[in-house]
Amino acid sequence: MEILSPAGNLEKLKYAIKYGADAVYTAGKEFGLRAQSANLNNNELKEAVNFCHKNDVKIYVTVNVFAHNSEINKLPSYLEFLDSVGVDALIISDPGVFVLAKEHASQIPIHISTQANVTSWKSAEFWKKLGAKRIILARELTKFEIREIKKKVPDLELEIFVHGAMCMSYSGRCLLSSFLNGRDANRGNCSQPCRWEYQLQEKKRPNESFPIEEDKFGTYILNSKDLCLLDQLPVILDYDIDSIKIEGRMKSLYYVANVTRTYKSALDAIKTRKDKDNHKLRAELDKISHRVYTEGFFHRFEAIDTQNHLSSAYIRNYQFIGEIVEQKENFVYIAVRAKFEIGDKIEIIFPDIAEDLIVQVEEIFDEDDNLIKFTKPNTIVKMYIDSDIPIHGIVRMKIK
Ligand code: SF4
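Residues numbered from 1 in each chain as written. Predicted model: local features only at pLDDT ≥ 70, side-chain atom pairs only at ≥ 80, totals over all residues. Heavy atoms only, no water.

Chemist: Give me the lowdown on the nonpolar core, citing residues and values where you can.
Modeler: In terms of nonpolar packing, the biggest core is built from 91 residues, with V63, L82, L90 and Y263 touching the most fellow members. At nine residues, helix 10 (residues 253-271) tops the list of elements feeding residues into this core. Split by domain, the residues of this core number at least three in each of domain 1 (2-171 + 224-294) and domain 2 (318-398). For Y263, the contacting residues outside a window of four places in its chain are I3, V162, H163, C228, L229, L230, L233, I244 and L285. By size, the runner-up hydrophobic cluster in this structure holds 20 residues, among which are I324, A338, V359 and I385. (Core = buried A, V, L, I, M, F, W, Y, C linked by side-chain atoms within 4.5 Å. Buried < 20%, exposed > 50% of the residue type's maximum accessible area, 1.4 Å probe, protein only. Helix = DSSP H or I, 4+ residues; strand = E, 2+ residues; numbered from the N terminus. Domains from an automatic or database assignment. Contact = heavy atoms within 4.5 Å.)

Encoded structure:
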């Protein structure tokens, strides 16, 4: 079972791989349904494919736009380009794009996007007969439905989301954002109005009210919690699922790295029958910015525990403050993302959770070797660390 991580840009792609992803998914500048993400231009896509294949990692490219007539003519050359660079799969939701991919990128396997909302084995079988290699199932399925689909269509690969944000509509098939500020979720440009604070009033029924919780800012009737299926990995493994997917192409490289290594650690422990400290792994998922977690529809198809009506705010206990860009002897060079200062206790995380370090900051040097009291974002600083430092460290700190 592969761990599939998001790669919103080249830097995140490289961290996802360093931190344990078996495969990554990304998008080109067009047709990939994440208009607010940096995405990769054609040169970056070539570099990404080379980097992935050198590291024995697969790379899937989203072409999951619902194409309008004006886009049909532009798709063939892009699909031919993807075919020529050797990406490992295309992620597609639109039947028209599917047909074009068969014609213009015939060597690349096709994965059916969660946007296509495959919710039954019959629908999965339909796509398989047309030549799809894998289905990325809708998030709105129970484990019993997932198991039945695998049994009924055993030769078809199945991918499920295990972690990240959810929509209150079927996989983003939603017009809220289009209606409210002209940003179409179905074109990858959602402004997340489901997280806004609403007040509900029916004009002609002043004595009837919808029973909703409300704070001084309003209410959050449409606000989905974040999915977290870490504790369900033994079940998922048992069902012979081919790929577990982490949502979040627009999240930080720290998010991508930490969620990837946490799921990898949990999976390795299950596979090697080692005792794993699930509390420690859960704690790692609490150290990224997230909403209240839920196991979604995994146990039953009822939206009982999937919405947070109390707050749409992210829970942020830790701050991503930089990444180690160079190590010389016992000095580490940190590309600073957020301020920290002498006296702070910082944590440096590594691909192997067991190697994480907690460091009390005693001295910080700038690039010219001057002693400084605090750091500034977008600078490089240097610190002496009195222990062996593994490579690819990311620095975080508990929010004060
Ligand atoms: S508005 Fe909310 S539910 Fe609709 S697509 Fe955007 S994130 Fe999903």
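Chemist: Break down the side chain of R261 for me, citing the residues and quoting the values.
Modeler: Among the structural elements, R261 can be located in helix 10. With a relative accessible area of 1%, R261 lands in the buried category. A distance of 2.8 Å separates the side chain of R261 from the backbone oxygen of F350, its partner in a polar contact. (Polar contact = N/O pair within 3.5 Å; in protein donor to acceptor, adjacent residues only side chain to side chain.)

Chemist: Break down the site of the ligand for me, citing the residues and quoting the values.
Modeler: Taken together, the neighbourhood of the ligand is formed by nine residues, with C167, C174, C190, P193 and C194 sitting nearest. Tallied by class, residues from the shell around the ligand come to seven nonpolar, two polar and no charged. (Near = heavy atom within 4 Å. Nonpolar A, V, L, I, M, F, W, Y, C, P; charged D, E, K, R; others polar.)

Chemist: A description of the packing of aromatic side chains should follow, citing residues and the corresponding values.
Modeler: For the structure shown, the criterion picks out six aromatic pairs. Judged by centre distance (6.3 Å) and plane angle (35 degrees), the rings of Y15 and Y19 are tilted. Considered together, Y15 and Y19 belong to a single accessibility category, that of buried residues. Ring centres of F98 and W127 lie 5.2 Å apart, and the angle between their planes is 55 degrees; this geometry places the pair in the tilted category. Taken together, the positions of F98 in helix 5 (residues 95-104) and W127 in helix 6 (residues 121-130) put the pair 29 residues apart, joining distant regions of the chain. Taken as a pair, F98 and W127 share a single burial class, namely buried. Members of the aromatic cluster, joined through ring pairs, are F98, F126 and W127. The cationic tip of K18 hangs over the ring face of Y15; the distance from NZ or CZ to the ring centre is 4.5 Å. (Phe/Tyr/Trp six-rings, centres within 6.5 Å; stacked < 30°, edge-to-face > 60°. Lys NZ or Arg CZ within 6 Å of the ring centre and 35° of its normal.)

Chemist: Describe empty space enclosed by the protein, listing the residues and the values that go with them.
Modeler: The tally for this structure, following the rule as stated, stands at one cavity of 30 Å³ or more. By volume, the largest cavity is sized at about 130 Å³. Forming the boundary of the largest cavity are 14 residues, of which R139, L141, F161, L227 and L229 lie nearest the centre. Residue composition of the lining of the largest cavity, by class: eleven nonpolar, one polar and two charged. (1 Å grid on protein atoms, 1.4 Å probe; cavity = no way out; pocket = protein on both sides within 12 Å on 5 of 7 lines; lining within 4 Å. Points joined across faces, edges and corners; volume = space filled by probe spheres on them.)

Chemist: Please give an account of the pattern of salt bridges that cites residues and values.
Modeler: This model, assessed by the stated rule, comprises 26 salt bridges. In this structure, E47 and K14 form a salt bridge, with 3.1 Å as the shortest nitrogen-oxygen distance. Taken together, the positions of E47 in helix 2 (residues 42-54) and K14 in helix 1 (residues 10-18) put the pair 33 residues apart, joining distant regions of the chain. A salt bridge links D369 to K382, with the nearest nitrogen and oxygen atoms 2.8 Å apart. Of this pair, D369 sits in the loop between strand 15 (364-365) and strand 16 (371-372) while K382 sits in strand 17 (residues 380-384), placing them 13 residues apart in sequence. (Salt bridge = Lys/Arg side-chain N within 4 Å of Asp/Glu carboxyl O.)

Chemist: Go over the pairing of strand 2 (residues 23-27), please, and point to the residues and values.
Modeler: Taken across its five residues, strand 2 has five buried, putting it largely inside the fold. Alternating positions in strand 2 separate into two faces, A23, Y25 and A27 on one and V24 and T26 on the other, with burial throughout. By the bridge criterion, three bridges tie strand 1 (residues 2-6) to strand 2 in an arrangement that is parallel. Directly across from S5, in strand 2, lies its bridge partner V24. With helix 1 bridging strand 1 and the parallel strand 2, this β-α-β connection has right-handed handedness. In the sheet, strand 2 pairs with strand 3 (residues 58-62) via five bridges, with the strands oriented parallel. Pairing of A23 across the sheet is with K58, part of strand 3. (Pairing = 2+ DSSP bridges. Right-handed = clockwise from strand over helix to strand, strands pointing away.)

Chemist: Tell me about the pairing of strand 1, and please be specific about residues and values.
Modeler: The side chains of a regular strand alternate between both faces of the sheet. In terms of burial, strand 1 is largely enclosed, as five of its five residues are buried. Summarising the sheet, strand 1 and strand 9 (residues 243-246) pair through three bridges and their orientation is parallel. Opposite E2, over in strand 9, you have S243 as the bridge partner.

Chemist: With reference to specific residues and values, describe the environment of C167.
Modeler: Structurally, C167 can be placed in the loop between strand 7 (157-165) and helix 8 (176-181). Measuring from C-alpha to C-alpha, the distance between C167 and Q307 comes to 9.6 Å, with 140 residues separating the pair along the chain.

Chemist: Give a detailed account of helix 6, specifying residues and quantitative values.
Modeler: Taken as a whole, helix 6 has its buried residues at A124, E125 and W127. Down the axis of helix 6, the buried set is contained in an arc of 165 degrees. They therefore lie on one face. On its buried face, helix 6 sits against helix 5, strand 5 (110-112), strand 6 (134-136) and helix 7 (143-152). G131, located one to two residues past helix 6, shows a positive phi value of around 115 degrees. (Arc of directions from axis to C-beta.)

The analysis is restricted to geometry; functional conclusions fall outside its scope.
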